[in-house]
Amino acid sequence: MALPPPLNTARETTKIKAKAKSVQTQAPLLPSVVSSTVVSLSPLSDMNGTSHVSATLGTRLFGGLSYALLSLTGVTLNLLLCMVLIKGRAVLKTNAFYTITWQMVVCDLLTHGMEFIVPIPITIAGSDMYGKTMFLYIPAFVDTIAYTGTLYFSFLMTLNRFTVFVFPQVNQFLFQKPRLFITIGVVWVYIIVFVGAMNALSCYKSFDSFGFFYYHKCPDWNNISVPGQVIKSVSVRLHYKMFKT
C-alpha cells in the first residue's frame, strides 16, 4: 500500500495544478491580446496602401523648411521680375514675349503660394491634416492649373521666339496684337477645361504625407462622378461614330 506524500510535496502538487488550470483558462485570451497589440502598432499606409512608419520630426522640419525656402526664393525672384517688367513696360509692351512673360509670372506666383497652403503644412505635420476636404482639393486644383500654365506658356514663349526667325507669317498670325490676346486666351481656356475635366472624372490631386509629393488618384472608370459619366458617355458615342465600321 502506497504511503501518502509528505505534506510539503502535497502542497507543491496542489500549487502546480492550480497554475496549470490558470494557464488553461487564460490561454484563449492570448490571441485577442496579441491581435490588438499588433493592430495598435501597425504603421500607417500611404496613397498606395503601403505601410510606412511616419517620418521623424527632424525629417519633417527639414522637408517643410526646404519647401518654404525654395518657395520664398521663387516668390522673391518673380517679384524682382515684376519690378523689371513694370519699369520697362514702355519699351517692352510692344513685344509679344512681354505679355507671355506676365502669364508665366502669374502661374509661378500661384504655384509658390499654394506651397504654403498644402505641401509645407502637411510635410511639417507629417499627417493628412486637411483630410479629403476642399481645404486640400481647391489649392491642389489651383496648383495644377498654375503648373500646367507654366508648361504651356513656356511652350508658347518658345514658339514665339522660334517663329520669329523661321516662320514670320505664323508669328504675325499668332502673336500680332490683338490676336496675341486670343492666343493667350485659348491657352488659358484649354488649361482650365483640361484640369476641370480631370476633376469631373474624379481624378483629384492630393498630397502624400509620407513621401511629401503631389499625386493624382483616379477611381475606376465605372466609379467616376456624375459629370464624369456624362463625359464618358459623350466620348464613347463620339468614338463609336468616328470608328464604327
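What counts, and at which threshold
- Residues numbered from 1 in each chain as written.
- Predicted model: local features only at pLDDT ≥ 70, side-chain atom pairs only at ≥ 80, totals over all residues.
- Heavy atoms only, no water.
- UniProt positions renumbered as here; feature names shortened; annotations may be inferred.
- Buried < 20%, exposed > 50% of the residue type's maximum accessible area, 1.4 Å probe, protein only.
- Helix = DSSP H or I, 4+ residues; strand = E, 2+ residues; numbered from the N terminus.
- Pairing = 2+ DSSP bridges.
- Patch = residues over 30% accessible without salt bridge, like charges linked within 9 Å, V, L, I, M, F, W, Y side chains within 5 Å.
- Areas by Shrake-Rupley, 256 points an atom, 1.4 Å probe, with all protein chains shown as cover.
- Salt bridge = Lys/Arg side-chain N within 4 Å of Asp/Glu carboxyl O.
- Phe/Tyr/Trp six-rings, centres within 6.5 Å; stacked < 30°, edge-to-face > 60°.
- Core = buried A, V, L, I, M, F, W, Y, C linked by side-chain atoms within 4.5 Å.
- Contact = heavy atoms within 4.5 Å.

An unreviewed UniProt entry lists the protein chain under the name G-protein coupled receptors family 1 profile domain-containing protein, with Steinernema carpocapsae given as the organism. Of the protein chain, the UniProt comment under Subcellular location (unreviewed entry) reads exactly: "Membrane".

Asker: How should I be thinking about the pairing of strand S3 (residues 204–208) in this particular structure?
Answerer: Two faces belong to every sheet, and in a regular strand the side chains alternate between them. Burial analysis of S3 places four of its five residues in the buried class, which makes it a mostly covered element. By the bridge criterion, five bridges tie S3 to strand S4 (residues 213–217) in an arrangement that is antiparallel. Its bridge partner being in S4, Ser-206 is matched across the sheet by Tyr-215. Counted along the chain from S3 to the antiparallel partner S4, the turn is four residues long, and its residue Phe-212 has a positive phi close to 60°.

Asker: What is the right way to read a nonpolar patch on the surface from this model?
Answerer: Residues Phe-162, Val-164, Phe-165, Val-166, Phe-167 and Val-170 make up a contiguous nonpolar surface patch of roughly 570 Å² in combined accessible area. Of the residues forming the nonpolar patch, the biggest block, three residues, is contributed by helix H7 (residues 134–165). With respect to the element layout, Phe-162 can be found in helix H7.

Asker: Can you help me understand unusual backbone geometry in this one?
Answerer: For the bond running from Lys-177 to Pro-178, omega is 5°, close enough to zero to count as cis. With respect to the secondary-structure elements, Pro-178 resides in the loop between helix H8 (168–175) and helix H9 (179–200). Here Phe-212, not a glycine, exhibits a phi torsion of approximately 60°, which is positive. As for its position among the elements, Phe-212 is in the loop between S3 and S4. Looking at Phe-212, the relative accessible area reads 13%, which means it is buried.

Asker: What should I look at first to understand the packing of aromatic side chains in this one?
Answerer: Two measures describe an aromatic ring pair: the distance that separates the ring centres and the angle between the ring planes. The full count for this structure, using the stated rule, is eight aromatic pairs. Considering the side-chain rings of Phe-213 and Tyr-215, the 6.3 Å spacing of their centres and the 65° angle between planes classify their relative orientation as edge-to-face. Classification of Tyr-215 by relative accessible area gives buried; the value is 11%. A connected cluster of aromatic rings, assembled from ring pairs, spans Tyr-152, Tyr-190 and Phe-194.

Asker: What is the right way to look at the nonpolar core in this model?
Answerer: Soluble globular proteins tend to bury their nonpolar side chains together. Counting 14 residues, the largest nonpolar core has Ile-100, Phe-153, Leu-156, Phe-175, Leu-180, Ile-184 and Ile-191 as the members making the most contacts within it. When residues in this core are grouped by element, the largest group, five residues, is from H9. In contact with Phe-175, not counting residues within four places along its chain, are Ala-96, Ile-100, Leu-156, Leu-159, Asn-160, Thr-163 and Leu-180. Counting six residues, the second largest nonpolar core, distinct from the first, contains Val-118, Tyr-137, Phe-207 and Phe-212.

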